[in-house]
There are 2 protein chains.
Amino acid sequence: MDSSQFREAAKGAIDEIANYYDTLAERPVLPSVAPGYLRPLLPASAPEEGESWDKIQSDIDRVIMPGLTHWQSPKFMAFFPCNSSFPAMLGDMYSGAFNAAAFNWICSPAVTELETVVMDWVAKLIALPDAYLSNGEGGGIIQGTASEVVLTSLVAARERIIRRRLGNMPEGEEKMDKAADIRGKLVALGSEHAHSSTQKAAIIAGTRFRTVAGPKDTNYSVIAASLRKTIEECRAKGLEPFYFTATLGSTGTCAVDDLAGIAELTKEYPDLWIHVDAAYAGSALVCPEYQHLCKPMAAFDSFNFNLHKWLLVNFDCSAFFVKKRKDLMDTYSITPSYLRNPHSESGTVTDYRDWQIPLGRRFRSLKVWFVLRSYGVNGLRAFIRKHVKLGEYFHELLESRPDVFSVVTKAAFGLVTFQIKPMPPNTSTTSANQPDPSHEAYLNDFTPNADAQYQEDVNQKTKEVYEKINSKGDFFLTSSVICGQYIIRVVSATLQSEEKYMKQVFEALVEAAEKGQVKGNGKAI
Amino acid sequence: MDSSQFREAAKGAIDEIANYYDTLAERPVLPSVAPGYLRPLLPASAPEEGESWDKIQSDIDRVIMPGLTHWQSPKFMAFFPCNSSFPAMLGDMYSGAFNAAAFNWICSPAVTELETVVMDWVAKLIALPDAYLSNGEGGGIIQGTASEVVLTSLVAARERIIRRRLGNMPEGEEKMDKAADIRGKLVALGSEHAHSSTQKAAIIAGTRFRTVAGPKDTNYSVIAASLRKTIEECRAKGLEPFYFTATLGSTGTCAVDDLAGIAELTKEYPDLWIHVDAAYAGSALVCPEYQHLCKPMAAFDSFNFNLHKWLLVNFDCSAFFVKKRKDLMDTYSITPSYLRNPHSESGTVTDYRDWQIPLGRRFRSLKVWFVLRSYGVNGLRAFIRKHVKLGEYFHELLESRPDVFSVVTKAAFGLVTFQIKPMPPNTSTTSANQPDPSHEAYLNDFTPNADAQYQEDVNQKTKEVYEKINSKGDFFLTSSVICGQYIIRVVSATLQSEEKYMKQVFEALVEAAEKGQVKGNGKAI
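Residues numbered from 1 in each chain as written. Chains lettered and ligands numbered in written order. Predicted model: local features only at pLDDT ≥ 70, side-chain atom pairs only at ≥ 80, totals over all residues. Heavy atoms only, no water.

- Per an unreviewed UniProt entry, chain A goes by the name Dopa decarboxylase-like protein and belongs to Neocucurbitaria cava.
- Entered under Cofactor (unreviewed entry) in the UniProt record, the comment concerning chain A runs "pyridoxal 5'-phosphate".
- Listed under Sequence similarities (unreviewed entry) in UniProt, the entry text for chain A is "Belongs to the group II decarboxylase family." (UniProt positions renumbered as here; feature names shortened; annotations may be inferred.)

So, in structure tokens, the structure goes:
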């Protein structure tokens with residue numbers, strides 16, 4: 001394909017992509033294919049001779065489109081969003097054109113320098129304390145995902161505590177033995193509701209992992225007292241907690257740990273590395289009404305949020321900020337001879353490879369730059385607030401039918417979680433604002449385990465309704481289990497999200513709950 | 001930006017990108033900016049209000065272009081190439097449009113299924129043993145970089161040996177203590193010429209690391225006897241080697257470890273995980289004349305090469321193949337409740353998140369699919385063979401001036417490494433095919449350390465010439481130090497590479513060597 005063929009092919013692709021976005025809302029959000037659908041559509045190996053672009057492009061409709069889940073659809077309300085935007089796509093087009101494995105400054109100075117500037121823009125945008133700006137000892141870097149960030153900070157924390165314990169001990173086998181002994185007793189901590197990435201990072205780092213309780217009565221948040229309790233329990237067993245992932249917006253319910261309280265606790269435990277994972281909810285920090293959450297960060301070591309979730313930057317783009325970049329470089333910096341160059345040796349440039357696990361890097365700051373400029377601060381705030389309101393609107397809808405829905409957590413960063421009540425048969429016409437007839441009926445049983453039975457039936461009913469909605473494919477929701485409760489999560493935070501879709505999914509939920517009801521004994525009728 | 005604005009903006013961007021490629025060869029490959037050039041060109045923070053695309057786009061020329069290193073230029077001969085291609089860019093455009101964090105099958109079945117099919121295509125294309133195909137116990141996955149792959153396999157190896165040692169011991173603190181004890185004695189191994197990624201992965205995994213010798217007399221390759229020697233030395237100290245990165249094309253000289261001999265050794269050390277890193281040279285395996293190198297893989301555990309280096313797939317795209325996918329899943333599989341779904345639970349689908357460190361995944365198989373189809377097997381072979389020949393041509397040029405150049409390693413996968421001789425003054429007209437006057441002059445000294453002095457002066461002279469070439473910016477080369485020798489590496493393997501550029505860089509090297517010569521004492525004159 002030469003450059004003139006590329007012009008033609010790419011312009012055709014642009015039209016197809018624009019058409020795709022124009023027709024998104026009309027498509028079922030979930031595909032109806034069965035596992036293994038794709039292989040029979042393709043030959044068993046690559047063709048011997050090259051094929052024309054026309055032939056290749058036509059296979060997108062034939063092979064790919066039927067197997068896509070449409071994350072940009074306004075009917076996508078599962079997990080957290082993964083927003084794309086046109087300016088971000090333009091950024092990725094240029095990034096692909098300037099294709100490079102930019103692992104140090106001289107590999108493409110613009111790649112490094114734009115990233116430093118743009119990460120400072122982001123830090124200011126979300127009112128991170130100044131310590132996280134690049135003009136001091138800290139700074140920001142773009143990594144792929146929150147999982148990568150959590151692993152990067154957890155391993156840096158592990159090595160930092162070993163350095164502190166071993167001080168100036170000379171290098172050698174003896175030091176390595178001592179380090180291994182320390183490593184063998186280290187424990188990484190995270191909220192029981194923290195994303196699985198902390199547990200996975202602990203496995204990779206070869207340390208132990210313990211969860212910290214975030215019970216219902218603190219709205220599933222970790223408070224300082226719980227964290228202290230877990231730390232002291234570990235210490236009593238001869239183990240050493242070295243790292244804690246504090247969560248700003250948990251995966252299940254968007255719970256926020258007690259950051260201010262935990263910030264106080266750092267005085268007692270100065271060797272504990274505290275990383276704040278704000279993967280989804282961090283984008284809300286562009287709005288002043290959320291920025292009080294940023295103040296405690298001054299007491300912590302690192303912070304990340306995913307611009308690819310809720311800030312319109314295409315996947316992947318996790319902004320990772322550290323207060324002391326030296327903490328990363330002391331672990332990740334290795335400079336073999338083929339990477340030596342006068343610029344890096346002089347210390348006047350940033351080599352981001354020493355802040356991360358991989359060596360090579362893409363030009364991801366371009367898409368961030370384009371999005372920040374294209375939307376402006378006010379455009380981004382409006383985008384976030386729209387979804388916060390949609391969450392509140394959906395919550396109101398649920399509250400209008402207390403006979404069907406039981407809200408578990410109110411709208412938080414656009415996310416609402418709830419359960420479905422197991423209604424007695426023939427109550428589908430129950431009007432709103434009545435007391436909860438089903439739960440009352442159970443309690444009137446006066447049997448010893450009526451309440452436990454009710455909770456079990458709620459879980460069962462919720463699961464059935466959830467599966468019914470997803471199996472239709474019009475909407476895509478996620479379920480989760482929080483402190484024993486099976487919940488449905490709804491969050492709609494795409495560019496095309498609107499009240500009308502919240503209303504539609506609400507109606508679909510009511511319909512699913514009312515048809516094929518579940519009897520008190522948990523059996524479908 | 002709405003979809004009609006996107007159509008216009010993106011088509012303009014396509015024209016700019018095509019123009020960039022049409023004018024690549026005319027640009028100096030290296031930028032002339034100084035560290036810190038970019039910040040003064042931009043405001044200190046993101047704009048309050050959104051800006052027009054025209055304004056944003058014009059900043060690419062003003063801010064970005066002056067700071068780019070042009071990796072696609074035919075004058076880029078540094079590191080290894082990082083090739084882009086138009087079909088790959090089209091793949092990334094669609095991937096961006098279908099933007100998703102596709103961490104399991106239901107997140108977008110096409111993302112998972114195309115990857116499985118296309119990785120099978122790649123495995124067949126390079127004649128990997130059948131064990132690496134997805135229809136058995138193995139399979140392929142696209143990861144970002146070789147560093148990520150090496151870490152992924154090293155940690156899986158660490159956990160595999162612990163599982164084997166601890167067998168069916170019940171879970172609990174005692175088992176964790178035992179595992180920590182074992183972990184503390186583990187040693188990862190790699191050739192002294194292996195990429196730094198193995199050392200970095202060992203740091204992250206918290207294990208020790210030892211290099212295995214690859215001396216000059218084996219052409220910088222690790223042979224089985226060296227590997228056995230290092231293993232036994234470790235064992236004698238009570239340490240346990242558990243992992244070895246065998247290199248197919250080392251970073252410095254493209255050396256290939258003795259894979260056939262090492263394959264024999266696996267019978268003696270069945271618990272040693274052997275990963276073959278073919279990051280650059282692996283692309284040559286598309287040509288039958290290299291495929292004998294693939295046979296020993298049947299005895300190893302995993303293999304990777306970067307399609308983003310030499311196979312025209314835009315960065316990043318490292319193809320990672322394992323013989324037993326269970327070895328990855330046993331380490332990386334964690335399924336919290338919000339990721340549970342009937343498809344994954346039934347075991348009928350592949351969840352690639354259990355084969356890797358991050359959770360989310362891009363739709364990278366699209367660009368691989370487009371490249372394989374667009375070029376076809378024969379097109380890819382022609383692309384590789386062209387660069388292999390360019391390497392041989394450049395080697396011949398060097399040999400034509402034995403008075404100036406001393407070849408360290410002959411053309412291997414397009415890469416040639418050499419040194420510059422420190423000529424006595426006024427010998428710039430020395431014709432070819434004469435004996436090496438400078439080295440002879442040194443030896444005629446009969447001083448005890450004449451040879452050592454000569455080597456030092458060669459290193460010094462080579463460094464000077466290397467720095468002179470790069471400081472001009474017309475060509476970009478890399479240096480390295482191999483067994484004490486300072487070498488220049490030249491490899492030209494881009495789409496636009498041609499003999500005439502090899503001739504040009506050769507002439508520039510001769511000129512730099514002849515002007516400002518270095519006296520025998522190492523001082524510039």
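After that view of the structure, there is still more to cover.
1. Looking at the relation of the copies chain B and chain A
Then comes step 1: It takes a turn of 180° to lay chain B on chain A, together with a shift of 0.0 Å along the axis; the resulting RMSD is 0.0 Å. Seen this way, the second copy is the image of the first under a two-fold rotation axis.
Then comes step 2: With an isologous cut-off of 70% or more, the 100% of interface residues of chain B that recur at the interface of chain A puts this contact in the isologous class. (Least-squares fit on C-alpha atoms with pLDDT ≥ 70 in both. Contact = heavy atoms within 4.5 Å.)

2. Description of helix α13 (residues 365-399) of chain B
All names here are of chain B.
Then comes step 1: With 35 residues, α13 extends only 42 Å from end C-alpha to end C-alpha; this falls clearly short of the ideal 51 Å at 1.5 Å per step.
Then comes step 2: In α13, a bend of some 85° at G376 exceeds every other bend along the element.
Then comes step 3: Of all 35 residues that make up α13, 26 are buried, and the element is covered over most of its length. (Helix = DSSP H or I, 4+ residues; strand = E, 2+ residues; numbered from the N terminus. Expected span 1.5 Å × (residues − 1). Bend = angle between axes of the 7 residues up to and from the residue. Buried < 20%, exposed > 50% of the residue type's maximum accessible area, 1.4 Å probe, protein only.)

3. Let's talk about the interface of chain B and chain A
Then comes step 1: Residue-level contacts link 145 residues of chain B with 146 residues of chain A.
Then comes step 2: When chain B packs against chain A, the two sides together hide about 12900 Å² of surface, and 63% of this comes from carbon and sulfur.
Then comes step 3: Considering only the side of chain B, the residues that lose the most area to chain A are N99, Y338 and R373 of chain B, jointly responsible for 6% of the buried surface there.
Then comes step 4: At the boundary of chain B and chain A, one finds 22 salt bridges.
Then comes step 5: D177 of chain A is the partner of R208 of chain B in a salt bridge, and the nearest nitrogen-oxygen pair spans 2.6 Å.
Then comes step 6: Counting across the chain B and chain A interface gives 80 residue pairs in polar contact (both at pLDDT 80 or more).
Then comes step 7: A class-by-class count of the residues in the side of chain B that touches chain A yields 79 nonpolar, 37 polar and 29 charged. (Buried area = accessible area lost by both parts, 1.4 Å probe. Salt bridge = Lys/Arg side-chain N within 4 Å of Asp/Glu carboxyl O. Polar contact = N/O pair within 3.5 Å; in protein donor to acceptor, adjacent residues only side chain to side chain. Nonpolar A, V, L, I, M, F, W, Y, C, P; charged D, E, K, R; others polar.)

4. Focus on helix α5 (residues 146-166) of chain A
Given 3.6 residues per helical turn, the α-helix brings residues three or four places apart onto the same face.
All names here are of chain A.
Then comes step 1: If you check α5, its first and last C-alpha atoms are 30 Å apart, about what 21 residues at 1.5 Å a residue would give, namely 30 Å.
Then comes step 2: Buried residues dominate α5, accounting for 18 of its 21 residues.
Then comes step 3: Just downstream of α5 lies G167, where phi reads positive at about 50°.

5. Looking at the pairing of strand β11 (residues 485-490) of chain B
Residue and element names in this part refer to chain B.
Then comes step 1: Burial within β11 is extensive, with six of its six residues counted as buried.
Then comes step 2: As defined by bridge partners, strand β10 (residues 478-482) adjoins β11 across five bridges and the pair is classed as antiparallel. From the neighbouring strand, S479 faces β11, where its bridge partner is I488.
Then comes step 3: From the end of β10 to the start of β11, which pair antiparallel, there are two residues, and C483 there has a positive phi angle of about 45°. (Pairing = 2+ DSSP bridges.)

6. Quick notes on the nonpolar core
Then comes step 1: With 250 residues, the main nonpolar core has I64, F98 and F413 of chain A together with I64, F98 and F413 of chain B as its most contacted residues.
Then comes step 2: Residues in contact with F98 of chain B, not counting those within four places in the same chain, are Y20, I60, I64, M65 and L68 of chain A together with F363 and L366 of chain B.
Then comes step 3: Ranked by size, the runner-up nonpolar core spans 60 residues in total, among them I141 and L166 of chain A together with I162 and F242 of chain B. (Core = buried A, V, L, I, M, F, W, Y, C linked by side-chain atoms within 4.5 Å.)

7. Observations concerning the sheet that holds strand β5 (residues 273-277) of chain A
Residues and elements named next belong to chain A.
Then comes step 1: Taken in spatial order, the seven strands of this open sheet run β1-β7-β6-β5-β4-β2-β3, and their pairing is mixed. For this open sheet the edge positions go to β1 (139-143) and β3 (208-212), each flanked by a neighbour on one side alone. The mean inter-strand angle of the sheet, taken between neighbouring strand axes irrespective of direction, is 20°.
Then comes step 2: By the bridge criterion, five bridges tie strand β6 (residues 302-306) to strand β7 (residues 318-322) in an arrangement that is antiparallel. The partner of F305 across the bridge, within β7, is A319.
Then comes step 3: With respect to the sheet, helix α7 (residues 197-205) is in contact with β2 (186-191), β3, β4 (240-247) and β5, its orientation differing from that of β3 by roughly 160°. (Axes fitted to C-alpha atoms, helices over the stretch in contact; angles between N-to-C directions.)

8. Quick word on the domain arrangement of chain A
All names here are of chain A.
Then comes step 1: The domain boundaries assigned to chain A delineate domain 1 (1-30 + 69-97 + 380-525) and domain 2 (137-326).
Then comes step 2: One C-alpha centre belongs to domain 1, the other to domain 2; they are set 30 Å apart.
Then comes step 3: The interface of domain 1 with domain 2 comprises 31 residues on the first partner and 31 residues on the second.
Then comes step 4: Across the domain 1/domain 2 interface, buried area totals approximately 2600 Å², and carbon plus sulfur atoms make up 68% of it.
Then comes step 5: Inspection of the region where domain 1 meets domain 2 yields one salt bridge.
Then comes step 6: A salt bridge links R385 to E289; its shortest N-O distance comes to 2.7 Å.
Then comes step 7: Across the domain 1-domain 2 interface, the total number found is eleven residue pairs in polar contact (both at pLDDT 80 or more).
Then comes step 8: Breaking the side of domain 1 that touches domain 2 down by element, the ones donating at least two residues are α3 (86-97), α13 (365-399), β8 (405-412), β9 (415-420), β10 (478-482) and β11 (485-490).
Then comes step 9: Per-element tally for the side of domain 1 that touches domain 2: the top contributor is α13, with seven residues.
Then comes step 10: Class assignment for the residues of the side of domain 1 that touches domain 2 results in 19 nonpolar, eight polar and four charged. (Domains from an automatic or database assignment.)

9. A word on the pattern of salt bridges
All names here are of chain A.
Then comes step 1: Per the stated rule, a full pass over the model turns up 78 salt bridges over all chains.
Then comes step 2: Where R165 meets E240, a salt bridge forms, and the shortest distance between an N and an O atom there is 2.7 Å. Of the two residues, R165 sits in helix α5 while E240 sits in strand β4, which places them 75 residues apart along the sequence.
Then comes step 3: For E240, a relative accessible area of 18% gives the class buried.
Then comes step 4: Among the salt bridges present, the one from R401 reaches E514, with a minimum N-O distance of 2.7 Å. One end of the pair, R401, is in the loop between α13 and β8; the other, E514, is in helix α16 (residues 499-514), with 113 residues separating them in the sequence.

10. What about the sheet that holds strand β7 (residues 318-322) of chain B?
All names here are of chain B.
Then comes step 1: Taken in spatial order, the seven strands of this open sheet run β1-β7-β6-β5-β4-β2-β3, and their pairing is mixed. Each edge of the open sheet is held by one strand with a lone partner, namely β1 (139-143) and β3 (208-212). Neighbour-to-neighbour, the strand axes of the sheet open up by a mean angle of 20°, direction not taken into account.
Then comes step 2: As judged from the five bridges shared by β1 and β7, these two strands associate in the antiparallel manner. The residue of β7 that forms the bridge with G139 is V322.

11. What to know about the packing of α3 of chain A against helix α3 (residues 86-97) of chain B
Then comes step 1: At their nearest, the axes of α3 of chain A and α3 of chain B sit 10 Å apart, and the two run at 155° to each other. One finds that α3 of chain A runs roughly antiparallel with respect to α3 of chain B. Along this stretch, α3 of chain A crosses α3 of chain B, giving a crossing that reads as right-handed. Seen from α3 of chain A, the contacting residues are M89, M93, G96 and A97 of chain A; seen from α3 of chain B, they are M89, M93, G96 and A97 of chain B.
Then comes step 2: Of the residues in the contact of α3 of chain A with α3 of chain B, the class split is six nonpolar, two polar and no charged. (Parallel < 35°, antiparallel > 145°, perpendicular 65-115°, else oblique. Left-handed = near helix turned anticlockwise from the far one by under 90°.)

12. Brief notes about the pairing of β3 of chain A
Residue and element names in this part refer to chain A.
Then comes step 1: Burial along β3 is one-sided: R208, R210 and V212 are buried, while F209 and T211, pointing the other way, are not.
Then comes step 2: Where β2 and β3 come together, five bridges link them in parallel fashion. If you follow L189 over to β3, its bridge partner there is R210.
Then comes step 3: In this fold, the crossover linking β2 to β3 by way of α7 has right-handed handedness. (Right-handed = clockwise from strand over helix to strand, strands pointing away.)

13. Brief notes about the environment of P109 of chain A
Then comes step 1: Relative to the elements of secondary structure, P109 of chain A occurs in helix α4 (residues 109-125).
Then comes step 2: Accessibility expressed as a relative area gives 0% for P109 of chain A, which makes it buried.
Then comes step 3: For the pair formed by P109 of chain A and L265 of chain A, sequence separation is 156 residues and the distance between their alpha carbons is 41 Å.
Then comes step 4: Non-local contacts of P109 of chain A, meaning those with residues more than four positions away in its chain, are made with P31, V33, Y37, G67 and T69 of chain B.

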